Amino acid sequence: MSAGYTNLGETLRNHIILIHLNEDGSLDEDFGGFVSPQSSADAVGLVATPGVAVFNPLVADGGFAEGYAAVQLSDGSWVTTGYGGATAEATPSTLGFKTTEAPDLVSFRVHGKELDTSWGSNGSAVVQSEGLSGLASAEERGRLLVALPNDRTLHVGYFGGIPSVVVLDSKGQLDTSVSEDGILALPNDTVSAQFFGAAVSPDGQHVALTTNNNEGGARLVVLDLVE
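Since this is a predicted model, take the numbers as computed values, not measurements. Position labels on residues start from 1 in each chain and follow its written sequence. Where local features are concerned, this predicted model is filtered to residues with pLDDT of at least 70; where side-chain atom pairs are given and counted, the filter is 80 or more; whole-chain, interface and lining totals use all residues. Only hydrogens and water are set aside; all other atoms, that is, all heavy atoms of the structure, feed into the side-chain values.

Colleague: Is there a simple way to explain the sheet that holds strand E11 (residues 141-148) in this structure?
Modeller: Backbone hydrogen bonds are what pair the strands of a sheet, in a parallel or an antiparallel way. Pairing between strands is defined by DSSP: at least two bridges between the two strands are required. Helix and strand labels come from DSSP, where a helix needs a run of H or I of at least four residues and a strand needs a run of E of at least two; each type is numbered from the N terminus. Taken in spatial order, the four strands make up an open sheet running E11-E12-E13-E14, and their pairing is antiparallel. Every other strand in the sheet has two partners, leaving E11 and strand E14 (183-185) as the edge strands with one partner each. Each strand axis lies, on average, 20° off the axis of its neighbour in the sheet, ignoring direction. Where strand E12 (residues 152-159) lies against strand E13 (residues 162-168), seven bridges are found, and the strand directions are antiparallel. By the bridge assignment, histidine 155 is partnered in E13 with valine 166. Only the stretch in contact is used when fitting a helix axis, every axis being a line fitted to C-alpha atoms; angles between N-to-C directions are given from 0 to 180 degrees.

Here it is, written out as structure tokens:
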């Protein structure tokens, strides 16, 4: 699986693109094969291609979506992480989100040949800090994710401009069994960089988080996993 994004122009903005290949490098005809919403395909002449999924449900409110990683769950579906905007600037959301002031963490789920509209809210899991006080900014980013027990997913990056971990449950909702809001903010006085990497230990008991480099150096955090 390859996860990324493609720019469809000033109005449609960035859409996530997933490409799934077979062992021999050919496109997997049992995956993807859609551009969602269809208006995006019509506007730029995109042709649906089996093995490729292109989507951005947030385009309804002028939002955008970028993908940086995807993991497979027990039922064979794929969950993404990345960042984007639930809405365009100063635009109310028709999808139940806050108006985007800075990038939001966005996650989607693709099952076979369809975008899973039961994920998050109508197919979009958007994590936002807009309107919250005491944070460094309203910026969220998803850089990498790992699968956890019970089809939960752990997304690393930023929340409110603070290096953080976001845990979603099997339905794309914030997992409040991890914390009261499903978010673990992990600030540091020396290294302010966001988390970029994550890996589960071979025994499944721990997850290691790493930052990208900045003037303060790099940072490693190890968390215990509990089912």
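Colleague: Sorry if this is basic, but what is going on with the sheet that holds strand E2 (residues 14-19) here?
Modeller: Ordered by their spatial adjacency, four strands build an open sheet running E1-E2-E4-E3, and the pairing between neighbours is mixed. Looking at which strands have only one partner, the edges of the open sheet turn out to be strand E1 (2-7) and strand E3 (34-36). Going from strand to strand, the sheet's axes swing by 20° on average, the running direction of each strand aside. Pairing geometry for E2 and strand E4 (residues 52-55), over four bridges, is antiparallel. Along E4, the bridge assignment pairs isoleucine 19 with valine 52.

Colleague: Mind showing me how you'd approach the packing of aromatic side chains here?
Modeller: One pair of aromatic rings is described through two measures. These are the centre distance and the angle between the planes. Stacked, tilted and edge-to-face pairs are distinguished by plane angle, under 30 degrees for stacked and over 60 for edge-to-face with tilted covering the rest, among Phe, Tyr and Trp rings (Trp via its six-membered ring) whose centres lie within 6.5 Å. If you walk through the whole model with that rule in mind, you get four aromatic pairs. Residues phenylalanine 55 and phenylalanine 108 carry aromatic rings whose centres are separated by 5.5 Å and whose planes lie at 75° to one another, so their mutual orientation is edge-to-face. Residue phenylalanine 55 is found in strand E4, and its partner phenylalanine 108 is found in the loop between strand E7 (104-107) and strand E8 (109-111); the two are separated by 53 residues along the sequence. Each of the two residues, phenylalanine 55 as well as phenylalanine 108, counts as buried. The rule is simple: take the accessible area with a 1.4 Å probe, protein chains only, and divide by the maximum for that residue type; under 20% is buried, over 50% is exposed, in between is partly exposed.

Colleague: Teacher, can you tell me more about unusual backbone geometry here?
Modeller: Keep in mind that most residues, glycine aside, have a negative phi and that most peptide bonds are trans. Residue proline 37 is reached from serine 36 by a cis peptide bond, and omega for that bond is -5°. By secondary structure assignment, the location of proline 37 is in the loop between E3 and helix H1 (38-44). Notably, alanine 90 is not glycine yet its phi reads approximately 60°, a positive angle.

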